[in-house]
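Commentary on secondary and tertiary structure
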Amino acid sequence: MKRKLPSLTLIYFVLICGVVVFALPYLYMIISSTQTNEVILGTTLNFKFGPHFGANIGEVQEKYDYVRVLMNTAIITIVGTVISTFITTLAGYVMAKYKFKGQKLMFNLVMVSRMVPQFAVIIPQFYILSKLGLTNTYAGVIIPALASTNSVFIMRQYAKQIPDEILEAPRIDGANEWTIFSKIVVPILIPSIITTALLTFMAYWNAYLMPLIMLTDPKKFTVPLIIQNMTQNFYDPLNYGALMALLATSVIPIILIYGWLQTKFKATNLDSAIK
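Computed from a predicted structure; not experimentally measured.

A few words on a nonpolar patch on the surface. The grouping of Leu-8, Ile-11, Tyr-12, Leu-15, Ile-16, Val-20, Leu-24, Leu-27, Leu-45, Phe-47 and Phe-49 at the surface amounts to a nonpolar patch, some 1100 Å² of accessible area in total. Within the secondary structure, Leu-15 sits in helix H1 (residues 4-32).

All right, on to the environment of Ile-188 then. Along the chain, Ile-188 falls in helix H10 (residues 177-188). When the C-alpha atoms of Ile-188 and Ala-159 are compared, they prove to be 8.7 Å apart, with 29 residues separating the residues in sequence.

Attention shifts here to H10. In this model, H10 (12 residues) spans 15 Å end to end at C-alpha, consistent with the 16 Å of a helix rising 1.5 Å per residue. With a side-chain oxygen lying 3.3 Å from the backbone nitrogen of Trp-178, the N-terminal cap of H10 falls on Asn-176.

Our next topic: unusual backbone geometry. Positive phi values are uncommon outside glycine, yet Asp-65 reaches one of about 55°. For Asp-65, the location among the structural elements is in the loop between helix H3 (53-64) and helix H4 (66-97). Positive phi, close to 60°, is recorded for Asn-136, a residue that is not glycine. Tracing the backbone shows Asn-136 in the loop between helix H6 (118-131) and helix H7 (138-142).

Here we come to the packing of H4 against helix H8 (residues 149-159). For the pair H4 and H8, interaxial distance at closest approach is 7 Å and the crossing angle is 50°. Comparing the axis directions of H4 and H8 gives the class oblique. Considering only the axes of H4 and H8, their crossing is right-handed. Across from Thr-88, Thr-89, Ala-91, Gly-92, Tyr-93, Met-95, Ala-96 and Lys-97 in H4, the residues of H8 making contact are Ser-151, Val-152, Met-155, Arg-156 and Ala-159. Class assignment of the residues belonging to the contact of H4 with H8 gives a composition of seven nonpolar, four polar and two charged.

This next bit is on the packing of aromatic side chains. Aromatic rings in a pair are described by how distant their centres are and how their planes are angled relative to each other. This model, assessed by the stated rule, comprises seven aromatic pairs. Ring centres of Tyr-93 and Tyr-98 lie 5.5 Å apart, and the angle between their planes is 90°; on these two criteria the pair is classed as edge-to-face. Tyr-93 sits in the buried class, given a relative accessible area of 1%. Judged by its relative accessible area of 24%, Tyr-98 falls in the partly exposed class. With a centroid separation of 6.1 Å and 10° between ring planes, the pair formed by Phe-201 and Trp-205 is classed as stacked. Here Trp-205 and Phe-201 lie together in helix H11 (residues 190-205), a separation of four residues that amounts to about one turn. Classification of Phe-201 as buried rests on a relative accessible area of 8%. Here Trp-205 falls in the buried class, since its relative accessible area comes to 5%. These aromatic residues form a ring-pair network of at least three members: Phe-86, Tyr-93, Tyr-98, Trp-178 and Phe-181. Positioned over the ring face of Phe-107 is Arg-156, at 3.8 Å from the centre of the ring.

Across all of its chains, the model carries five salt bridges by this definition. As a salt-bridge pair, Arg-68 and Asp-65 come within 3.0 Å of each other at their nearest N and O atoms. Glu-177 serves as the salt-bridge partner of Arg-171, at 2.8 Å between the closest nitrogen and oxygen. Here the salt bridges do not stand alone but share partners, grouping Glu-168, Arg-171 and Glu-177 into one network.

Once that is clear, we can look at the environment of Val-141. Mapped onto the elements, Val-141 comes out in helix H7. In this structure, the C-alpha to C-alpha distance between Val-141 and Tyr-208, residues 67 residues apart in sequence, is 9.8 Å. Here Val-141 is in contact with Ile-76, Tyr-204, Met-210, Pro-211, Met-214 and Leu-215, once residues within four sequence places are set aside.

Each value, and the rule that gives it
- Residues numbered from 1 in each chain as written.
- Predicted model: local features only at pLDDT ≥ 70, side-chain atom pairs only at ≥ 80, totals over all residues.
- Heavy atoms only, no water.
- Patch = residues over 30% accessible without salt bridge, like charges linked within 9 Å, V, L, I, M, F, W, Y side chains within 5 Å.
- Areas by Shrake-Rupley, 256 points an atom, 1.4 Å probe, with all protein chains shown as cover.
- Salt bridge = Lys/Arg side-chain N within 4 Å of Asp/Glu carboxyl O.
- Helix = DSSP H or I, 4+ residues; strand = E, 2+ residues; numbered from the N terminus.
- Expected span 1.5 Å × (residues − 1).
- Polar contact = N/O pair within 3.5 Å; in protein donor to acceptor, adjacent residues only side chain to side chain.
- Axes fitted to C-alpha atoms, helices over the stretch in contact; angles between N-to-C directions.
- Parallel < 35°, antiparallel > 145°, perpendicular 65-115°, else oblique.
- Left-handed = near helix turned anticlockwise from the far one by under 90°.
- Contact = heavy atoms within 4.5 Å.
- Nonpolar A, V, L, I, M, F, W, Y, C, P; charged D, E, K, R; others polar.
- Phe/Tyr/Trp six-rings, centres within 6.5 Å; stacked < 30°, edge-to-face > 60°.
- Buried < 20%, exposed > 50% of the residue type's maximum accessible area, 1.4 Å probe, protein only.
- Lys NZ or Arg CZ within 6 Å of the ring centre and 35° of its normal.

Distances and angles like these do not, on their own, reveal function.
Dropping the structure here:
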């Protein structure tokens, strides 16, 4: 026990340092959202809460209709996450458990697509979407990220771990492929589905490039676009307290979703599924 004590102390010390490094900026962001420019731009860091949070968030609402912005972001994020998770789960399962002509080529295309940066295809994406009349629409922001190659790859790797006998037994009993997928495969893949759904949710919520080039109507702007507008408004002095209030409140949905999904995350027991 005495030999383990120094190592445990070191582990806890490193963990505490990690928590401080990651949590301190967010804590300061929350505190700054209650302060004025004079305090925030002072010569020293001030970690005392001020009385100006209501005024700061009220300014964001007045100038940018913050409630509408949150609704826009939520619609794009929720719709995109649900559809994308369904598509990538089904695609990953098919690539892992079905044999068909061109299967290896399709998987190789998925792998190559993961290496292509988004900015390299942003112009052809915009051209195609504009020809389809999807500019300045929610669909124009949602569609390009629906078939996430990263999510497809993750789902395929998880689906490959499902024993074939779990799938063959219901086929022998006469179950169709959709029943096998929805009643057997999906429950087994719940941990990976939750993981990809969370990653997709964060990607849509924080998306900046696609909303920037697709949306021109301020009534359809998302949170990242409002942050850009606040920091690049050369006519009004930047209210750092209002900016911090916007940043602090905009991450709350991600924290809530993450906490809720953590309660749903359970390890998959394939042994009991085989039995």
